[in-house]
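# Survey of secondary and tertiary structure
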Amino acid sequence: MTSAAAAPAAAPAPPSRRPGASVSARRERNAALRFISPWIVGFLVFTAWPILYSAYLSLTDYDVLTDPTFVGTDNYERMATDPKVRLALWNTLQYTIIQVPLYVVVALALALLLNQAGRSAGFFRTAFFIPKMTPPVAVGVLLLLLFNGQYGLVNEVLGVFGIDGPSWTTDAAWIKPGLALISLWSVGSSVIILLAALRDVPTELYDAARVDGAGWWRRTRTVTLPMISGALFFVTVVNTIAAFQMFTEAYSAYFGAGNSTYSNDAALFYVIYLFREGFEQLHMGYASALAWLLFVVIMLVTAVQLLVSRRLVYYEGEQR
Amino acid sequence: MTAVPAAPPEAAVVPGAAEGEGRLRTQPARRRWARAAVVTALAALTVVFIYPLVWLLSASFKPRGEVFDNRLIPATPTLENYVTVWQEAPLALWLVNTLVVTALAAGTVTLSSALVAWGFAYFRFRGRGALFTLVLATMMLPGAVTLIPTFLIWNALGLVGTNVPLWAGNLFGSAFYIFLLRQFFLGLPREPFEAAKLDGANNWAMFWRIAVPLCRPAIVLTFLFEAQASWTDLMRPLVYLQDSSTYTIPRGLKALIDQFGPGGESQWEIVVTASVITTVPMIVLFFLGQRHFVQGISTTGSKG
């Protein structure tokens, strides 16, 4: 009955040690397992087995049509020297480094602005969220059209300010900034999360800071940011993991499916390369090895972020 | 962003008796100006956020030569693109396919996740904490790791090429929704359940007749979230669908991009129009469940 300690506060006292207790505890456990059973089956079939089988496949040559042949660590050795792996990793890293800080800063700025907007905040919050509903394939289309170097709306607007915009969708150097910029269009859900956190900051803290003579910037830096650091961390981690798995927008815009075979090296992100190896080339063993490298990289990055957050994130009720 | 007054001089007001007086006289006016500046900035940003959708809609009514003219109102408005795209691609079929997959995916995941979430929220048993941690841990697993073995499972069952792999995995619940729904179930008072138990209600009745109705907003939210995820998904249709007659609308749109877009015949008006048809149902979905979307996402962050 140790788990009873973790039960919700509303729960009545745990079953006592009377003779019937173990029977009722068992009955309760069985009832719970009946409700949980769909997940248990799903976990075994669609998570646990795939993890094990993927680990095995990564040590084989497998093209679906013939049985897997065991090749030891060949796939991993090949990955170490595959220039496309290096390119895909580097592209993905570059994109993540550009996109995540930009995205988090913009989300924070918009949330701070909304927090000052009073009653109209609800309307603007909705307006910012709507683009998030756009299917990523359509976002890929908009990227190709709006960021077109010659005729695109983005460069036309830049031209108004006397800026000669780059060829966002064809110049290798501008592909990732273009993708990062259009990702800002879907910033709305993160804005909602940060705004909710901002509204939870106790107003007494601001009043106290005011009395101490702190201006807007100091209040933001010393009260707001520490108080919402949990939500900021959440948005950063979730978005970093998503950036590492960038697929749909870039694939829609820069890679041909089916019979058309256009492609763009500057947009070859890691998951795109994995997908093409696995499902277009049918190198299922190699693709499984690629998946494991991605897993390790994402785990490492998340672990580093967790370590950093220990120093930066403030959780209410925590003793420092 | 300068709209927010940087360090308003109110800071200079000496705390004490004078403060209330100073505030009364100077602050309302200054506040009003600040508020007006903030609202103006937000209005400008709203244009930036909404304009791409307006641009897309407008372009779908332009003839081929004018798609890139960036006019708000088409110079020669036409419905021809909608006729052409309907002839070029089995759009009606794609829409029906997507609707079926979306309804099945959202329906099954809502039901199964609610069952599992209830199992974790209401009952107490040894190992519950550890098992729930395992549920949460699966969220950390990148989809790429399970992608290939999962494909092989559906392949072995002979279901690759059908829409079953696009939704049947949802029969077993999804960690994120289990987490979300459990939060809501934990917030329910226990009294109605104790009372129902005394009246002889079984576990199933308590779940179905009391817990689910009481958590209706969360149930609706789960359905809406998954409907959006399912409707907009491209990866799984790319992996599992082969024949164009089985495509969902995003997969179909990708096929049209390949045929008429950058690698193909440069008939952008078709791609644009198909994009509009892919997007509009999601905008409608948003307006149907607006409140749920906003509240649901707010909860997601605070529980993270």
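Everything below is about the structure printed above this text.
What comes next concerns the included structure. What you see is a predicted model; the values in this text were computed from it and never measured. (Residues numbered from 1 in each chain as written. Chains lettered and ligands numbered in written order. Predicted model: local features only at pLDDT ≥ 70, side-chain atom pairs only at ≥ 80, totals over all residues. Heavy atoms only, no water.)

## Focus: the layout of surface pockets
What counts here: Detection works on a 1 Å grid of protein atoms alone, calling trapped sets that fit a 1.4 Å probe cavities and calling open sets with protein on both sides within 12 Å along at least five of seven lines pockets, with lining residues defined by an atom within 4 Å of a point. Grid points are joined across faces, edges and corners, and a volume is the space filled by probe spheres set on the points. Only DSSP runs of H or I reaching four residues or more are called helices, and only runs of E reaching two or more are called strands; each is numbered from the N terminus. Each residue is assigned to one of three groups, with Ala, Val, Leu, Ile, Met, Phe, Trp, Tyr, Cys and Pro labelled nonpolar, Asp, Glu, Lys and Arg labelled charged, and all others, Gly among them, labelled polar.
In this model, the second largest pocket occupies a volume close to 760 Å³. Elements with a contribution of two residues or more to the lining of the second largest pocket: helix 3 (83–115), helix 5 (136–146), helix 6 (153–160) and helix 7 (172–183) of chain A together with helix 1 (17–59) of chain B. Top element by residues in the lining of the second largest pocket is helix 1 of chain B. It accounts for six residues. Within the lining of the second largest pocket, the residues separate by chemical class into 23 nonpolar, no polar and no charged.

## Section: the packing of aromatic side chains
The line we're drawing: In summary, the pairing rule links any two rings of Phe, Tyr or Trp, Trp by its six-membered ring, whose centres are within 6.5 Å, and it sorts them by plane angle into stacked for under 30 degrees, edge-to-face for over 60 and tilted for everything else. For every residue, the accessible area (1.4 Å probe, protein chains only) is compared with the maximum for its type, and the residue is labelled buried under 20%, exposed over 50%, or partly exposed between those bounds.
Applying the stated rule across the entire model yields 42 aromatic pairs over all chains. Arranged with centres 5.2 Å apart and planes meeting at 75°, the rings of F123(A) and F124(A) form a pair that is edge-to-face. Taking the relative accessible area as the measure of exposure, F123(A) reaches 57% and is therefore exposed. Between F128(A) and F49(B), the aromatic rings sit 4.8 Å apart at their centres with planes inclined by 40°, giving tilted as the arrangement.

## Re the interface of chain A and chain B
Operational definition: Pairs of residues are marked as contacts when any of their non-hydrogen atoms sit within 4.5 Å. Joining two parts hides part of their accessible area as seen by a 1.4 Å probe, and the buried area is that hidden amount summed over both. Salt bridges are identified by distance alone: a Lys or Arg side-chain nitrogen within 4 Å of an Asp or Glu carboxyl oxygen. Polar contact criterion, stated in full: a pair of N or O atoms within 3.5 Å, where within protein one must be able to donate a hydrogen and the other to accept it, and residues adjacent in sequence count only if both atoms are side-chain atoms.
The partner chain B presents 103 residues to the 102 residues of chain A that form the contact. Here chain A meets chain B over a buried area of about 9100 Å², counting both sides, of which 79% is carbon and sulfur. Together, F35(A), W39(A) and M133(A) form the three largest contributors to the area buried by chain A at its contact with chain B, with a combined 10%. Between chain A and chain B we count zero salt bridges in total. Across the chain A-chain B interface, the total number found is 13 residue pairs in polar contact (both at pLDDT 80 or more). Broken down by element, the residue count for the side of chain A that touches chain B peaks at 20 residues, all from helix 1 (residues 21–57) of chain A.

## Observations regarding the side chain of N81(B)
All names here are of chain B. One can find N81 in helix 2 (residues 80–88). Assessed through its relative accessible area of 5%, N81 is described here as buried. Separated by 2.8 Å, the side chain of N81 and the backbone oxygen of K62 make a polar contact.

## Thoughts on the environment of W216(A)
By the element assignment, W216(A) lies in helix 10 (residues 216–227). Taking C-alpha positions, W216(A) is 47 Å from W292(A), a pair spaced 76 residues apart along the chain.

## Topic: the pattern of salt bridges
Counted according to the given criterion, the structure contains 10 salt bridges over all chains. With its nearest N and O atoms 3.1 Å apart, the salt bridge here joins E280(A) to R276(A). Separated by four residues within a single helix, E280(A) and R276(A) lie in helix 13 (residues 270–280), roughly one turn from each other. Since its relative accessible area comes to 18%, R276(A) is described here as buried. The partner of D69(B) in a salt bridge is R71(B), with the nearest N and O atoms 3.7 Å apart. Residue R71(B) is classed as partly exposed on the basis of its relative accessible area, which comes to 46%. When salt bridges with common partners are traced through the structure, they connect K62(B), D69(B) and R71(B) into a single cluster.

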